[in-house]
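# Tertiary structure, described
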Amino acid sequence: MSAKRRSAQSKAPNVEALEARLNELEETLRAIRQGEVDALVVSTPEGDRVFTLDGADHPYRVMVETINEGAATLTAGGEILYANRRFAEMLALPLERLIGSKLHGVVENLDCPTLDKLLERAQTAPQKEECLLRVAGGKSFSAFLSLSPLRGLGLQAICLIATDLTEVRSRRSELLETNERLKLEVEQRQHVENAFRQLTGRLLNLQDEERRRIARDLHDSTAQTLNCLVLNLAYIDKEAQLRGFPGASKMLNESMSLAQEAAKEVRDVSHLLYPPALDQMGLAAAIEWHAQRASDVSGIEITLDIPAEVPRLPREMEVALFRVLQESLENIRRHSGSRTAQVRLIPNGESIVLEIEDQGQGMPAGVFSEKIDNVATLGVGVAGMRERLRQLGGRVEIESGPEGTIVRAYVADPGAAAARKNAQETPLRVLVVDDSAIVRRVVSELLGTDPEFHVVGEAANGDQAVERAVELQPDIILLDITLPQMGGIDAARKIGFVVPNARIVAFSQDDSTRTVREARSAGAVGYVLKSDASRDLMRGIKSVIEGKPFLSSTVAKLFSPKSA
């Protein structure tokens with residue numbers, strides 16, 4: 001082979017390499033012209049350098065380069081085609097080293113298959129993921145990655161935004177710590193408040209007990225001493241008259257008048273501190289006594305609307321409601337200017353409501369203050385009223401305006417609660433008393449259809465009714481008024497003595513007002529006509545067991561609300 005031929009063959013590969021290099025450069029130039037290249041990595045004697053190309057989208061490039069988030073453009077396989085300087089700073093890598101590397105190399109807690117799936121989904125829809133990014137030197141930090149498909153450039157690429165969560169996590173941790181501290185402070189404050197409320201309740205109870213003790217001492221000791229003094233002076237006066245000492249008799253009469261006045265004042269003070277009627281006869285009697293006294297002292301006309309039969313409440317409830325009455329009537333006297341007032345005691349099934357209303361000018365805002373400044377003011381004013389009721393699970397509501405004020409105090413009705421509990425737990429035990437066997441059978445079958453009732457026995461006359469009541473201790477006695485041997489009225493009176501807890505419902509054909517009054521006087525809480533039984537019998541029994549008097553439809557029409 002000639003030297004010339006060998007030289008041509010050796011130059012052929014060089015030409016091919018140059019052509020390939022020329023084609024590559026032409027393709028790069030085309031890509032640059034068409035905007036398909038964001039940056040170039042150029043090797044220099046000082047090392048690789050990254051050059052970002054300017055163009056029409058230069059403002060957007062500036063924005064991406066200056067944002068505080070890491071930004072990058074990825075291939076579908078995770079290769080980093082472009083990254084802003086913030087992303088490189090976050091990873092502590094030179095930008096030229098970051099571009100061209102794969103995302104897999106910096107994502108720490110996503111294994112490759114999972115990251116590959118994330119990249120695959122990001123080609124069609126935005127994806128979000130929280131992970132750890134590895135920093136040069138072995139450290140890592142929490143980051144939030146947001147990946148979206150990059151469309152419109154003819155490339156199959158993915159846009160990545162990386163947010164450093166280090167500060168967010170730190171703030172979140174601080175927030176959690178602050179939250180825990182606040183929670184602890186709230187719990188401590190609630191504990192202190194509960195302790196204060198318990199102490200308040202104890203102080204209020206002690207205050208009432210002390211008033212009760214002082215009132216009893218005044219009534220039983222001081223008042224009795226003054227009464228004895230009056231009697232002694234009366235005896236001495238008689239002796240003075242018999243012995244002819246008219247001057248002494250006059251002095252003695254004056255002394256008796258002073259002693260009687262002092263005894264009256266002591267009695268009034270003791271009753272104001274704690275009226276004996278509250279313990280002896282209950283709330284209704286205490287309300288009547290205090291309303292009459294307040295009316296006499298203030299000149300205010302006070303009308304009462306109190307049911308004829310008011311069940312006794314626990315002593316602390318009666319005391320709390322009585323204190324509400326005292327404070328409300330005193331506020332009417334001092335602030336409202338009203339010449340009339342109304343006091344109502346309303347059992348409404350679930351609660352006992354004491355309502356005091358006037359037609360005055362309304363109360364000053366300061367009267368309604370909830371604040372208790374110190375122990376000395378504890379139990380005084382509206383704040384004391386509210387605290388007393390709150391201790392018992394009740395509440396006080398006040399409506400005040402230019403047309404007057406209404407104070408409503410609510411406490412739970414223990415009788416209704418007990419009746420409701422008993423009704424839920426066990427059926428009511430019913431004794432049916434009637435001289436007709438047919439009536440007894442029909443009534444027993446009717447009551448048997450309701451699971452709340454259980455007929456425990458029957459009786460055909462008054463004597464049997466008393467015997468069976470003692471034997472069976474029923475909750476309800478359905479008692480015919482017209483019975484052989486002993487009548488229903490007499491039987492009701494005897495049953496009231498021997499079985500006082502039983503509720504009697506008179507069951508009769510007699511609709512005369514006289515018979516109804518006698519039955520109720522004998523202890524019947526309800527009165528149901530046999531002709532009204534289909535619609536009123538069960539309703540009447542349930543009403544009576546809740547502590548409410550009941551008259552069947554026909555009988556109720558015969559009575560006015562007041563007389564009924």
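As a reminder, the structure under discussion sits directly above these lines.
The paragraphs below set out a description of the structure included in this document. (Residues numbered from 1 in each chain as written. Predicted model: local features only at pLDDT ≥ 70, side-chain atom pairs only at ≥ 80, totals over all residues. Heavy atoms only, no water.)

## So, the overall build of the chain
Within the chain, the regular secondary structure consists of 18 helices and 18 strands. In the chain, buried positions account for 37% of the 564 residues. Looking at the chain as shown, the accessible area adds up to about 32,500 Å², and 53% of this sits on carbon and sulfur atoms. (Helix = DSSP H or I, 4+ residues; strand = E, 2+ residues; numbered from the N terminus. Buried < 20%, exposed > 50% of the residue type's maximum accessible area, 1.4 Å probe, protein only. Areas by Shrake-Rupley, 256 points an atom, 1.4 Å probe, with all protein chains shown as cover.)

## Some remarks on the nonpolar core
Core analysis: the largest hydrophobic core is formed by 33 residues, its most contacted members being Leu321 and Leu354. Of all elements in the fold, only α9 (283-298), α10 (315-336), β9 (340-347), β10 (351-358), α11 (381-391) and β12 (404-412) reach the threshold of two or more residues within this core. Excluding residues within four positions of it along the chain, Leu354 makes contact with Ile287, Leu321, Val324, Leu325, Val343, Arg344, Leu345, Val407, Arg408 and Ala409. One finds Leu74, Ala88, Leu118 and Cys131 within the second-largest nonpolar core, a separate group that totals 30 residues. (Core = buried A, V, L, I, M, F, W, Y, C linked by side-chain atoms within 4.5 Å. Contact = heavy atoms within 4.5 Å.)

## Points about a nonpolar patch on the surface
A grouping of Val470, Phe497 and Val498 is seen on the molecular surface, where their side chains present a nonpolar patch of about 320 Å² in accessible area. Assessed through its relative accessible area of 43%, Val470 is described here as partly exposed. (Patch = residues over 30% accessible without salt bridge, like charges linked within 9 Å, V, L, I, M, F, W, Y side chains within 5 Å. Salt bridge = Lys/Arg side-chain N within 4 Å of Asp/Glu carboxyl O.)

## Quick look at the sheet that holds β10
Pairing within the open sheet is mixed, and its five strands lie in the order β8-β9-β10-β12-β11. The two strands at the open ends of the sheet, each matched to only one other strand, are β8 (301-305) and β11 (395-401). Averaged over neighbouring strand pairs, the angle between their axes works out to 10° when direction is ignored. Across the sheet, α9 lies against β8, β9 and β10, angled at about 165° from β8, the strand it touches most. (Pairing = 2+ DSSP bridges. Axes fitted to C-alpha atoms, helices over the stretch in contact; angles between N-to-C directions.)

## Observations regarding the pattern of salt bridges
Here the structure, examined in full by the defined rule, presents 21 salt bridges. For Glu397, the salt bridge identified is with Arg395, shortest N-O distance 2.9 Å. Look at Glu397 and you get partly exposed, because its relative accessible area is 30%. Exposure remark for Arg395: the relative accessible area of 42% places this residue in the partly exposed category. Ionic pairing is found between Glu471 and Arg468, a salt bridge with its closest N-O pair at 3.1 Å. Highlighted residues: Glu471 and Arg468, both in helix α14 (residues 462-472), separated by three residues, approximately one helical turn. Assessed through its relative accessible area of 26%, Arg468 is described here as partly exposed.

## Looking at helix α16 (residues 513-521)
Along α16, the residues that are buried comprise Thr515, Val516 and Ala519. Here the buried residues of α16 occupy an arc of 100° about the axis, which is enough to place them on one side. Exposed positions of α16 whose direction lies more than 90 degrees from the buried face are Arg514 and Ser521. The elements touched by buried residues of α16 are α15 (488-498), β16 (503-508), β17 (524-529), β18 (550-551) and α18 (553-556). Gly523 occupies a position one or two residues after α16 and carries a positive phi of about 120°. (Arc of directions from axis to C-beta.)

## Focus on the packing of aromatic side chains
For the structure on display, the rule yields zero aromatic pairs. In this arrangement the basic side chain of Arg395 is found over the ring face of Tyr410, its NZ or CZ atom lying 3.9 Å from the centre. (Phe/Tyr/Trp six-rings, centres within 6.5 Å; stacked < 30°, edge-to-face > 60°. Lys NZ or Arg CZ within 6 Å of the ring centre and 35° of its normal.)

## What about the side chain of Thr515?
With respect to the helices and strands, the residue Thr515 is situated in helix α16. Residues within four places of Thr515 in sequence aside, it is in contact with Ile481, Asp510 and Tyr527.

## What about the pairing of β11?
Sheet topology places β11 next to β12; seven bridges connect them, and they run antiparallel. Within β12, the residue paired with Ile398 across the bridge is Val407. Between the antiparallel neighbours β11 and β12 lie two residues.

## Side note on the sheet that holds strand β7 (residues 157-164)
Strand order in the open sheet made by the five strands is β4-β3-β7-β6-β5, with antiparallel pairing throughout. Either end of the sheet is taken by a strand with one partner, and the two such strands are β4 (80-83) and β5 (127-134). With direction set aside, neighbouring strand axes in the sheet form an average angle of 30°. Bridge analysis of strand β3 (residues 70-75) against β4 gives three bridges, and the strand direction is antiparallel. In the strand pairing of β4, Leu74 is matched with Ile80. Lying on the sheet, helix α5 (residues 112-122) is in contact with β3, β5, β6 (140-150) and β7; it crosses β6 at an angle near 35°.

## Some details on the packing of α9 against α10
Packing of α9 against α10 brings their axes to within 11 Å, and their N-to-C directions diverge by 15°. As the angle between them shows, α9 and α10 are arranged roughly parallel. Of the two possible hands of crossing, α9 and α10 adopt the one that is right-handed. Note on element contacts: α10 touches α9 through Glu318, Leu321, Phe322, Leu325, Gln326, Leu329 and Arg333, opposite Leu283, Ala286, Ile287, Trp289, His290, Ala291, Ala294 and Ser298. Here the residues of the contact of α9 with α10 are counted per class, giving ten nonpolar, three polar and two charged. (Parallel < 35°, antiparallel > 145°, perpendicular 65-115°, else oblique. Left-handed = near helix turned anticlockwise from the far one by under 90°. Nonpolar A, V, L, I, M, F, W, Y, C, P; charged D, E, K, R; others polar.)

## Notes on the environment of Leu478
Mapped onto the elements of the fold, Leu478 is located in strand β15 (residues 476-479). A relative accessible area of 0% places Leu478 in the buried class. It is 9.5 Å that separates the C-alpha atoms of Leu478 and Tyr527, two residues lying 49 residues apart in sequence. Setting aside residues no more than four positions away along its own chain, Leu478 makes contact with Leu431, Val432, Val433, Val443, Val505, Phe507 and Leu537.

## Comments concerning the packing of helix α13 (residues 437-448) against helix α17 (residues 533-545)
What describes two packed helices is the angle between their axes and the distance between those same axes. Taken N-terminus to C-terminus, the directions of α13 and α17 make an angle of 65°; their axes are 11 Å apart at the nearest point. Compared by their axis directions, α13 and α17 come out roughly perpendicular. By crossing handedness, the relation of α13 to α17 is classed as right-handed. Between α13 and α17, the contacting residues are Val443, Leu446 and Leu447 on the first element and Leu537, Met538 and Ile541 on the second. Residue composition of the contact of α13 with α17, by class: six nonpolar, no polar and no charged.

## Some thoughts on the environment of Ala506
Residue placement: Ala506 occurs in strand β16. A C-alpha to C-alpha distance of 6.0 Å links Ala506 and Gly526, two positions 20 residues apart in sequence.

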